[in-house]
Structure formats: C-alpha cells, structure tokens
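What follows is the residue order along each chain.
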Amino acid sequence: MRIASVADFREAARRRLPRFLFDYIDGGSYGEVTLRRSVEDLAGIALRQRVLRDVSTLDLTTEILGQKLAMPVALGPVGLSGMYARRGEVQAARAAQAAGLQFTLSTVGCCSLAEVSTGTEKPIWFQLYVTKDRGFMRDMLAQAADLGCPVLFFTVDLPVPGARYRDVHSGLKAGPGLPGRTRRFLQALGKPGWAWDVGLRGRPHGLGNIAPLLGKQAGMLDFLAWSGRNFDASLTWKDIESIRAHWPGKFVIKGILDPDDAREAAAAGADGIVVSNHGGRQLDGVLSSARALPAIADAVGDRLTVLADGGVRSGLDVARMLALGAKGVLLGRAWAYALGAHGGAGVAKLLEIIEAELRVAMALTGVTTIPEIDGSVLARTG
Ligand SMILES: Cc1cc2nc3c(=O)[nH]c(=O)nc-3n(C[C@H](O)[C@H](O)[C@H](O)COP(=O)(O)O)c2cc1C
C-alpha cells in the first residue's frame, strides 16, 4: 500500500498488528464519544484562505520549553510502543531526532529510559505517572535527571483507568471465553510479519522502567496489573508542588482540560501544560482539546507554555491547534500507527507528511512563520 496520510498508516497498522494491539492503540474509553469528538471537532475548524502574500519561503522552526524544534510538533508518550515494532521506542525516538524533533518516552514503554537514551543522540523527554510507590517515582526522576532529560511530563488524568471495552473484547484484558493469553497468541499467529519481527525478535516485552521492580519473569499482564494497582488516586496539587521542587528541568503537567486546573498548574510552579483528554481514553464525554483549548490558552497562555494533543491526524490539524492557542502539538495515535505499520521508517515518513501538510496550511493561510499562526488565521463564520 502506498502511504499518503495518517489514515493510510492506520490501515497499514491494522493489517500488520494483532488485533489486541491495534485495538489498544485505536480505541478509547466507554462509547468512544470523546475520541470521535476529538477528531471531528479539530477537523471542523475552518481556516481563512489568504492569497498573494509571498509565501515562497516558510520558516517552521520554533522553540518550545527551551528546545529548538524543526516544527512545533513532538511525539507524545504512548505506552507499550515496543510492542508495535521491534524495540519500538528506540526506533521512534531516533526517527523523531533525525527530523529535528523530540520524542517523549512513556513510563510504561517497553524500552527503559536507559535503553532509549543510549540509543539516541540527544537526551529525550520523559513522561511520569503518579504512582503510590513514591520510591519508584523518586528513582525515575533521579534517573531522568542523570540522563539529561530536559523536559518532564507529569500525567495527571489517570488517577483511575477509564474502561476500554475493546481491550476486553480483544483479549488484552481479562474477560469471558478463551483466556486472554490464548486469544492473543492466536491473533499473533495470524500476523506472521509482526510475530517474527516483534513477537520473537523484539523481546523482552515487559515494561522496561518497571522491570527492576517485578523481576525478569514478569509478563505483560503482570506489568499492566502493576500499573493498575499503582496509579495514585489520592494525589493533590500540594504533592505536585513538592514533586516539582525535586525536578531540575522543565516541568509540564499533562492532562488539563479546564481553565481552573490550568491556573492551579501555573500556581504549582509548572512551566507548561498539555491540554489533553488522554486521547479519549479516560472520561468519555468530556470536551475535545480543540474545544477546551481557547479558554485555557486565554487563562494561562501568558504564564505557561500551552501544548495540546488529541485528534491530530495531519499537518493541517497542527496548524488548527496552533490557531486555537497552542504553542506546540503532541502526536499520539498518528505516530503509533506509523510505528506499527512500518517501524522507525514509518515514523520518519509520517513526520515528512506532517511537515509537508503544515507547509501547505501555512502557505494557503498566508503566513510564513510559526508565531503568525494564531487566532487571526481562523475563519469567522455567520
Ligand atoms: C496507545 C496509547 C497509549 C498511551 N499511553 C500514554 C502514556 O503512557 N502516558 C501518557 O501520558 N499518555 C498516554 N497516551 C495519551 C497520549 O499521550 C495522547 O494524549 C493522546 O494519544 C492524544 O490523542 P490522539 O492519539 O488522538 O492524538 C496514550 C495514548 C494511546 C493512543
């Protein structure tokens, strides 16, 4: 299949990955209302078409959280990526850095912070979940600081996990009928390319950062069970302040959807926030980031670096998020599909596509630099 868009990567990933993995990436929580809204609301944002403004030279570069980036885009944290391609986090991080961008490693990646950091030229960004095991958190923070990670994303929208029906249906989570392990094995047999490349040659499949706690024999389900047990629902803004005090780099709170929480984040000493509903995987029915973003950017945009994610499926969507008030955009499923479809080469191709689309969006809205993409490029109708 010839790939021209994120939708093509999605289809290619669907063909290559066992169902339990494709559905884990593709799905959202409950009725997937927020997931659909995220894509549709963003795609529904109309931009102003402007003409005859000399757009022969475009500058897509930007600086976000002290980092120079080739465009206002980064790979956001996506758990289990080492299951989508062999040592997937390392492949994706290399592709991102080769494109002059940044990669964010999830706490629940298959490759550990040390493995990805060793495999990349520059220090990567790291995402940490709030865990009950404060010793684990302290160790991860110290490790990330030692490895020179300049930016920490602290994800706060998962005090409890939202239910994802697809994970039960696919056998990723326990459910009725054949045991999950058998179902996943049978699905893998139907995808020989993946089974050989990742299933056999991509081991270990555990969660690299958590492996030291659970031992070498732990399987993927042990790791998922650990995550389920260890997310901390008792956390408050007070804890955030003290965690912030122990982190020397830039501190970004991920999972803000309300202007009041954005103000709290600023008061707690954050450098930035990610406007996010966790890709529609948590509280179903909440606003899309596209709808929540303008009020949040108005409330804290002068004090914090406001990033956004959710439903970004093209370079045009990147322009839309910037026009709505974001300084930069995190890709989620877009890069996970690309990695699942064609490994690191897929991620490299995806980033080329996003860049080309962003260029066209800039040229046709009549802007030549990233800071010019603001509310003035939005079409006002009615
Ligand atoms: C398969 C998958 C795994 C994810 N894992 C994490 C994670 O470990 N940590 C985190 O902060 N966010 C995680 N997210 C959320 C993403 O970082 C991001 O907020 C979301 O995917 C954006 O929506 P989009 O995929 O529609 O672009 C995950 C999302 C997906 C799709």
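See the structure printed just above.
Residues numbered from 1 in each chain as written. Predicted model: local features only at pLDDT ≥ 70, side-chain atom pairs only at ≥ 80, totals over all residues. Heavy atoms only, no water.

Trainee: When you look at the overall build of the chain in this model, what are you seeing that I'm missing?
Mentor: Of regular secondary structure, the chain possesses 16 helices and ten strands. The C-alpha atoms of the chain give a radius of gyration of 20 Å, which matches the 21 Å a tight globule of 382 residues would have. Each principal axis of the C-alpha distribution contributes one length, and for the chain these read about 60 × 50 × 40 Å. Counting the 382 residues in the chain, one finds 55% classified as buried. Sequence-distant contacts, at least 24 apart, represent 72% of the contacts inside the chain between residues at least 6 apart. By element, 54% of the accessible surface of the chain is carried by carbon and sulfur atoms, the whole surface being about 16200 Å². Within the chain, one finds 45 positive and 38 negative side-chain charges whose respective centroids are separated by 6 Å. (Helix = DSSP H or I, 4+ residues; strand = E, 2+ residues; numbered from the N terminus. Rg over C-alpha atoms; globule rule 2.2 N^0.38 Å. Buried < 20%, exposed > 50% of the residue type's maximum accessible area, 1.4 Å probe, protein only. Contact = heavy atoms within 4.5 Å. Areas by Shrake-Rupley, 256 points an atom, 1.4 Å probe, with all protein chains shown as cover. Lys, Arg positive; Asp, Glu negative; His and termini not counted. Charge placed at Lys NZ, Arg CZ, Asp CG, Glu CD.)

Trainee: Looking at this structure, how should I read the packing of helix α1 (residues 6-16) against helix α16 (residues 333-365)?
Mentor: How two helices pack is summed up by the angle between their axes together with the distance between the axes. Running from N to C, α1 and α16 cross one another at 165 degrees; their axes reach a closest spacing of 10 Å. Judged by the inter-axis angle, α1 sits roughly antiparallel to α16. The two elements α1 and α16 meet at a crossing, and its hand is right-handed. Two secondary-structure elements touch here, α1 through V6, F9, R10, A12, A13 and R16 and α16 through A334, Y337, A338, G340, A341, H342, G346, K349, L350, I353 and I354. (Axes fitted to C-alpha atoms, helices over the stretch in contact; angles between N-to-C directions. Parallel < 35°, antiparallel > 145°, perpendicular 65-115°, else oblique. Left-handed = near helix turned anticlockwise from the far one by under 90°.)

Trainee: It is not clear to me how the site of the ligand should be interpreted in this structure. Could you clarify?
Mentor: With respect to spatial proximity, 23 residues lie near the ligand, and among them P77, S106, T155, D309 and R333 are the closest. P77 is positioned with one of its backbone polar atoms (N or O) 2.7 Å from an oxygen atom of the ligand. Burial of the ligand by the surrounding chains reaches 99%, relative to a free accessible area of 600 Å². Within the residue set of the shell around the ligand, elements represented by two or more residues are α2 (19-26) and β5 (125-129). Looking at the shell around the ligand, its residues break down into eight nonpolar, ten polar and five charged. (Near = heavy atom within 4 Å. Polar contact = N/O pair within 3.5 Å; in protein donor to acceptor, adjacent residues only side chain to side chain. Nonpolar A, V, L, I, M, F, W, Y, C, P; charged D, E, K, R; others polar.)

Trainee: What am I meant to see in the packing of helix α15 (residues 315-323) against α16 here?
Mentor: Across the interface, α15 lies against α16 with an axial gap of 6 Å and an inter-helix angle of 55 degrees. Here α15 lies oblique to α16, going by the angle between them. Crossing hand, α15 versus α16: right-handed. Contacts between α15 and α16 involve G315, L316, V318 and A319 from the former and I354, E357, L358 and A361 from the latter.

Trainee: Hey, could you run me through the nonpolar core in this one?
Mentor: In a soluble, globular protein the nonpolar side chains are often hidden away together inside. Core analysis: the biggest nonpolar cluster contains 126 residues, and Y84, F103, F154, I273 and L331 have the highest contact counts within it. Looking at which element gives the most residues to this core, the answer is α16, with 15 residues. (Core = buried A, V, L, I, M, F, W, Y, C linked by side-chain atoms within 4.5 Å.)

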